Protein chains: 2
Amino acid sequence: MKNTIRVERAILNISQAELAERVQVTRQTINAIELGKYSPSAVLAIKIARVFGKKMEDVFELEEGD
Amino acid sequence: MKNTIRVERAILNISQAELAERVQVTRQTINAIELGKYSPSAVLAIKIARVFGKKMEDVFELEEGD
DNA sequence: ACTTTAAGTAAAATATATTTTACACAATGG
DNA sequence: CCATTGTGTAAAATATATTTTACTTAAAGT
């Protein structure tokens, strides 16, 4: 599962901590997902995409092995 | 997390077992998600939506408490 | 130099999703 | 009747996501 969280955060100019707060998870969770260490739940993925005003699939993309 | 899996299956006329096979999970997993017993991973949610030729958010919707 | 902010990381604990095996029940077609 | 298909369910095991606490480093500002 690839994602464009870093770019979207840059556009909004918000930190991992602030994104975490907005979607009600910890900063470590955002960091891990942003770095591709694991993929989020569907609920969290939708919430993150919403912060960026995008559809879930415009932020998250399947990759080989998913 | 609400979903329209049952309706989409009906349109395609496929069983829970066939959907499960197409997205590479067990029939019980599809059954549980379809009945709202828990919400899927982002990866699985995208795969399911793809079977129906839809965007993830057209099949899955957040609800109170998500 | 000092402090603050942002990001990366890690180990242990907890929560949640998914699998496996198995049984039950209704509907249907032979 | 009998076998088959589709669905609901359940308990135990395993996998994965998320939290908590805490430490490190780099960059920026004072």
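In what follows, the structure referred to is the one given above.
Here's what I pulled together on the structure shown here. Keep in mind the model is a prediction, meaning the values are calculated, not measured. (Residues numbered from 1 in each chain as written. Chains lettered and ligands numbered in written order. Predicted model: local features only at pLDDT ≥ 70, side-chain atom pairs only at ≥ 80, totals over all residues. Heavy atoms only, no water.)

## Let's talk about the protein's contact with DNA strand D
Part 1 of the argument: Around DNA strand D, the surrounding shell holds 21 residues, and the nearest of these are A:Gln28, A:Thr29, A:Tyr38, B:Gln16 and B:Asn31.
Part 2 of the argument: One of the side-chain N or O atoms of A:Ser41 is found 3.2 Å from a phosphate oxygen in DNA strand D.
Part 3 of the argument: Broken down by secondary-structure element, the contributors of at least two residues to the surface near DNA strand D are helix H3 (27–34) of chain A together with helix H1 (5–12) and helix H3 (27–34) of chain B.
Part 4 of the argument: Ranked by the residues each element gives to the surface near DNA strand D, the list is headed by H3(A), at four residues.
Part 5 of the argument: In terms of residue class, the surface near DNA strand D is built from six nonpolar, ten polar and five charged. (Near = heavy atom within 4 Å. Polar contact = N/O pair within 3.5 Å; in protein donor to acceptor, adjacent residues only side chain to side chain. Helix = DSSP H or I, 4+ residues; strand = E, 2+ residues; numbered from the N terminus. Nonpolar A, V, L, I, M, F, W, Y, C, P; charged D, E, K, R; others polar.)

## Structural notes on unusual backbone geometry
Residue and element names in this part refer to chain A.
Part 1 of the argument: One non-glycine residue, Asn13, lies in the positive phi region at around 60°.
Part 2 of the argument: Examined against the element boundaries, Asn13 turns out to sit in the loop between helix H1 (5–12) and helix H2 (16–23).
Part 3 of the argument: Relative accessible area serves as the criterion here: at 65%, Asn13 is assigned to the exposed category.
Part 4 of the argument: Phi is positive for Gln24, which is not a glycine, with a value near 65°. (Buried < 20%, exposed > 50% of the residue type's maximum accessible area, 1.4 Å probe, protein only.)

## A short note on the nonpolar core
Part 1 of the argument: Among the nonpolar cores identified, the biggest contains 41 residues, and A:Met56, A:Phe60, B:Met56 and B:Phe60 are the most heavily contacted of them.
Part 2 of the argument: Contributing elements (two or more residues each) for this core: H2, H3, helix H4 (42–51) and helix H5 (56–59) of chain A together with helix H2 (16–23), H3, helix H4 (42–51) and helix H5 (56–59) of chain B.
Part 3 of the argument: A per-element tally of this core places H4(A) first, with eight residues.
Part 4 of the argument: Each residue touching A:Met56, except ones within four places of it in the same chain, is listed here: A:Ala45, A:Ile46, A:Ala49, B:Ala42, B:Ile46, B:Met56 and B:Glu57. (Core = buried A, V, L, I, M, F, W, Y, C linked by side-chain atoms within 4.5 Å. Contact = heavy atoms within 4.5 Å.)

## Brief notes about the relation of the copies chain B and chain A
Turning one copy of the chain about an axis and sliding it along that axis gives the other copy, so a rotation and a shift relate them.
Part 1 of the argument: Between chain B and chain A, the superposition needs a rotation of 180° and an axial shift of 0.0 Å, giving an RMSD of 0.0 Å. Such values leave the two copies arranged in the relation of a two-fold axis.
Part 2 of the argument: Counting the interface residues of chain B, we find that 100% of their copies in chain A are interface residues as well, pointing to one common contact surface. (Least-squares fit on C-alpha atoms with pLDDT ≥ 70 in both.)

## A look at the interface of chain B and chain A
Part 1 of the argument: If you look at the interface, chain B gives 18 residues, while chain A gives 18 residues.
Part 2 of the argument: Summed over both sides, the interface between chain B and chain A buries roughly 1,500 Å², with carbon and sulfur atoms accounting for 68% of that surface.
Part 3 of the argument: When the area that chain B buries against chain A is broken down by residue, the three leading residues are B:Ile46, B:Glu57 and B:Leu62, summing to 36%.
Part 4 of the argument: Here chain B is connected to chain A by zero salt bridges.
Part 5 of the argument: Where chain B touches chain A, the interface holds six residue pairs in polar contact (both at pLDDT 80 or more). (Buried area = accessible area lost by both parts, 1.4 Å probe. Salt bridge = Lys/Arg side-chain N within 4 Å of Asp/Glu carboxyl O.)

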